[in-house]
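# Summary of structural features
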Amino acid sequence: MVPLLIRWEGVDGAGKPWVCKSGKRQSPLNLPSSKAISHIPRAHQTRWSYPNLVSNGSNIEIINNGHTIQVEWLSPYGAEVNITVPANATNETRITDVITLGATAKTAVVKAVPLQFHFHATSEHMVDGKIYPLELHIVHRVTDLPACASGCFTVTGVLFELTTAGPDNPLLEPILEHAPVREGDIHFLPAGEEIQLGELLPAPAERDYITYEGSLTTPPCSEGLLWHVLTTPQKISLNQWRKYRSAVSFKDCAATNGTSSTDSAEHGHHRHHHRRILAAEEATTTAGEEYTCKIVAYGANFRNVQKVYERPVKLARAQ
Ligand SMILES: [Zn+2]
């Protein structure tokens, strides 16, 4: 059993080295929640509006890629995520300019289009040194700035805390219920079910967030991302947290016809069948396949916090 380890050095498709180790604007960070850090004026704050993602049986995918459970959608999605930028954008205008924009600056708004969301356990960001059990990342692309014609990215992070004896969070259930247990598998969210993505964020009056310029937290660790980390934690039950960790743990999945595969890219092709995460060891008979997955070790899918260097980190208070 060879655990999957992330390689942090390499080159992209154009032969350019990744910046995971050399970059000075890497993510995640240990964020200060102190009221003393400077604020983003209300008028410049990012606004999020996510309608429910409603399944028709083949438009919403829940993917186990071996590192995370990721949700993608195949049809246009009418979300409104508005980011403030300087007015009269030029080639030099960046999606991260909002962090340092003066309170009286003339501004415009650009739309960020959500592409997918996924989870990390434990959290990647810390707040005042505190680690949370789970962090949700909603990844968006911005294209309507001259410098973003081929796409700039902004990520919204939501932290989750464990309820000690509380009920399951019903908003997480459609995702966890249908999350594949085997790497490389994809399940469609069943027709009629929906994910209330907007409700997974804190209520609008509680959407305090910390913002800074950072990076992807997996290779190629590209920088220039506008990060928002919402600091009011949402809830996950212990039962749900176990389900998530079970789904992304290292597993030895043996088909009952004798072939065994150890949680690897051998399952590079996505399979479509429906499973529930019930226990560490279980069998399935759907889609003509039968296999049993045994958890070999629980994995963790977070990156360690990075150095801040000279970056401004700012707080946006919802009220
Ligand atoms: Zn992430």
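In this report, we go over the structure that sits alongside the text. Given the structure is predicted, the values throughout are model-derived calculations rather than measurements.

Scanning the chain for helices and strands turns up 2 helices and 20 strands. Within the chain, contacts between residues at least 6 apart in sequence are counted, and of these 73% link residues at least 24 apart.

Our focus in this paragraph is the nonpolar core. Judged by nonpolar contacts, the single largest core of 50 residues is most densely connected at Y50, I95 and F117. Residue contacts for I95: discarding those within four places in its chain leaves I83, V85, V110, V142, L145, C152, F153, G224 and L226. Residues V155, L159, I210 and W227 belong to the second largest nonpolar core, which totals 15 residues.

Right, let's get into the coordination of the zinc ion. Around the zinc ion, the protein supplies H118 (NE2), H120 (NE2) and H137 (ND1) as donor atoms, at distances of 2.0 to 2.1 Å. Mapped onto the sequence, the residues coordinating the zinc ion show the spacing H-x1-H-x16-H. Within this pair, whereas H118 is found in strand 7 (residues 107-120), its partner H137 is found in strand 10 (residues 134-142), the two being separated by 19 residues in sequence. H137 matches H118 in its accessibility class, with the two residues each being buried.

It is worth spelling out unusual backbone geometry at this point. Peptide bonds are mostly trans, and most non-glycine residues show a negative phi. For the peptide bond that leads from A121 to T122, omega is -5°, which places it in the cis range. Counting through the fold element by element, T122 comes out in the loop between strand 7 and strand 8 (126-127). Across the junction of P219 and P220, the peptide omega takes the value 10°, indicating a cis bond. Of note, P220 is situated in the loop between strand 14 (209-215) and strand 15 (223-237). Of note, the phi angle at D128 is positive, near 50°, even though the residue is not glycine. A relative accessible area of 51% places D128 in the exposed class. Here the phi dihedral of C221 falls at roughly 60°; this positive angle occurs in a residue that is not glycine. You can see C221 is positioned in the loop between strand 14 and strand 15. Residue classification places C221 among the buried positions, given a relative accessible area of 0%.

Further remarks concern the pattern of salt bridges. By the definition in use, this model includes 7 salt bridges. With a shortest N-O distance of 3.6 Å, K243 and E173 are connected by a salt bridge. One end of the pair, K243, is in helix 2 (residues 238-247); the other, E173, is in helix 1 (residues 173-178), and 70 residues separate them in sequence. Its relative accessible area of 18% is what places E173 among the buried residues. Where salt bridges share partners, they join R25, R94 and E213 into one cluster.

We now examine the pairing of strand 6 (residues 80-86). In terms of residue burial, strand 6 counts as a mostly covered element, since 6 of its 7 residues are buried. Of the strand pairs in this sheet, strand 2 (residues 47-49) and strand 6 are connected by 3 bridges, and their pairing is antiparallel. For R47, the partnering residue across the bridge sits in strand 6 and is N82.

Conventions used here
- Residues numbered from 1 in each chain as written.
- Predicted model: local features only at pLDDT ≥ 70, side-chain atom pairs only at ≥ 80, totals over all residues.
- Heavy atoms only, no water.
- Helix = DSSP H or I, 4+ residues; strand = E, 2+ residues; numbered from the N terminus.
- Contact = heavy atoms within 4.5 Å.
- Core = buried A, V, L, I, M, F, W, Y, C linked by side-chain atoms within 4.5 Å.
- Buried < 20%, exposed > 50% of the residue type's maximum accessible area, 1.4 Å probe, protein only.
- Donors = N, O, S within 2.8 Å, 3.2 Å for Na, K, Ca; no water.
- Salt bridge = Lys/Arg side-chain N within 4 Å of Asp/Glu carboxyl O.
- Pairing = 2+ DSSP bridges.

Bear in mind that shape data such as this cannot, by itself, settle questions of function.
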